[in-house]
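The chain contents come next:
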Amino acid sequence: MTAVRQDAWSPDDDLILAEVTLRNIREGSTQLAAFEEVGERIGRTSAACGFRWNSCVRKRYEDAIQISKQQRQKRNYLKKQTVSTTSQVSSLATFETEERSYKQDVSALDEGLSVDAVIRFLRGWKTTYQDMSRQIKFFEKEIKDKNEDLYRLRIENERLTREVNSAQTDYRTVNDDYKTLIQIMDRARRLTVLSSEEEVKPRFKMDANGNLERIE
């Protein structure tokens, strides 16, 4: 008698795995979702179900897999066609609604428009225009005054710049004259000192005997 492993896959387990996986392929879902569903139903992990599918069960259902893929493509195509048709119908309905609203607005405008309404509108626009004109004139005057102030400030700046340049020139001239005066005074002082020293310095001469005698 051959012993059966407790973790062995039964034919029913393989059938459940195949049915659920093919259904997920057909409906556009993933095989991972199929493995998780089968694992919950037969008490196995999704990894074990995936390994069983790829190593054994898949080979027996190659034709069924191709059919499921074709059914998925057809399903997706029909779904796109349905969405496109629904979008076209919705756009047509929106257009018809907007057209009816436009016709209603035009009808209401034709019925409610009168000479008095036009006059009131023009009077209101005239008042608005006058207010805007006054504001424009006010701003133009403000701009003109600012430009005049700016011109006066520019003239004043140029005048002050000239005065500063003139003062700097005068300062340099005075400074040079002062240095020259100091040099003259220092030279005169040195000459005075030398003259004084020459006046007090004794003078000597040698006599016939070779002796020096002071000259008074």
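**Remarks on the packing of helix 1 (residues 11-27) against helix 3 (residues 46-57)**
Closest axis-to-axis distance for the helix 1/helix 3 pair is 11 Å, and the angle between their directions is 95°. Classified by the angle between their axes, helix 1 and helix 3 sit roughly perpendicular to one another. Taken together, the residues of helix 3 that come into contact with helix 1 (itself represented by Asp14, Leu17, Ala18 and Thr21) are Cys49, Arg52, Trp53 and Val57. For the contact of helix 1 with helix 3, the residue count by class is 5 nonpolar, 1 polar and 2 charged.

**Section: the packing of aromatic side chains**
Tallied over the full model, the rule gives 0 aromatic pairs. Sitting over the face of the ring of Trp9, Arg44 holds its NZ or CZ atom 4.4 Å from the ring centroid.

**Digging into helix 2 (residues 31-42)**
Given a rise of 1.5 Å per residue, 12 residues ought to cover 16 Å, and the 16 Å separating the end C-alpha atoms of helix 2 matches this to within 8%. Along helix 2, the residues classified as buried are Ala34, Phe35, Val38, Gly39 and Ile42. One face of helix 2 carries all of its buried residues, which in axial projection span an arc of 135°. Residues of helix 2 that are exposed and point over 90 degrees away from its buried face: Leu32 and Glu40. Packing partners of the buried residues in helix 2 comprise helix 1 and helix 3. Gly43 lies just past helix 2 and shows a positive phi near 75°.

**A word on the nonpolar core**
One finds Leu17, Val38, Ile42, Cys49 and Trp53 to be the most contacted residues of the largest nonpolar core, which totals 15 residues. Elements with a minimum of two residues in this core: helix 1, helix 2 and helix 3. When sequence neighbours within four positions are dropped, the list of residues in contact with Leu17 reads Trp9, Phe35, Val38, Cys49, Arg52, Trp53 and Val57.

**Here's the deal with the pattern of salt bridges**
Scanning the entire structure with this criterion turns up 7 salt bridges. Close ionic contact of Asp13 with Arg44 constitutes a salt bridge, the shortest N to O distance being 4.0 Å. Here the residue Asp13 occupies a position in helix 1, and Arg44 occupies one in the loop between helix 2 and helix 3, the gap between them amounting to 31 residues. Between Asp149 and Arg152 there is a salt bridge; the shortest N-O distance is 2.0 Å. With Asp149 and Arg152 both in helix 5 (residues 115-200), this residue pair falls 3 residues apart, about one helical turn. When its relative accessible area of 32% is taken as the criterion, Asp149 is described as partly exposed. Sharing partners across several salt bridges, the network here consists of Asp14, Arg52 and Arg60.

**A word on the environment of Gln71**
Topologically, Gln71 is positioned in helix 4 (residues 62-112). Classification of Gln71 by relative accessible area gives partly exposed; the value is 36%. Along the backbone, Gln71 and Gly28 are 43 residues apart, and their C-alpha atoms lie at a distance of 9.4 Å.

The rules we used
Residues numbered from 1 in each chain as written. Predicted model: local features only at pLDDT ≥ 70, side-chain atom pairs only at ≥ 80, totals over all residues. Heavy atoms only, no water. Axes fitted to C-alpha atoms, helices over the stretch in contact; angles between N-to-C directions. Helix = DSSP H or I, 4+ residues; strand = E, 2+ residues; numbered from the N terminus. Parallel < 35°, antiparallel > 145°, perpendicular 65-115°, else oblique. Contact = heavy atoms within 4.5 Å. Nonpolar A, V, L, I, M, F, W, Y, C, P; charged D, E, K, R; others polar. Phe/Tyr/Trp six-rings, centres within 6.5 Å; stacked < 30°, edge-to-face > 60°. Lys NZ or Arg CZ within 6 Å of the ring centre and 35° of its normal. Expected span 1.5 Å × (residues − 1). Buried < 20%, exposed > 50% of the residue type's maximum accessible area, 1.4 Å probe, protein only. Arc of directions from axis to C-beta. Core = buried A, V, L, I, M, F, W, Y, C linked by side-chain atoms within 4.5 Å. Salt bridge = Lys/Arg side-chain N within 4 Å of Asp/Glu carboxyl O.

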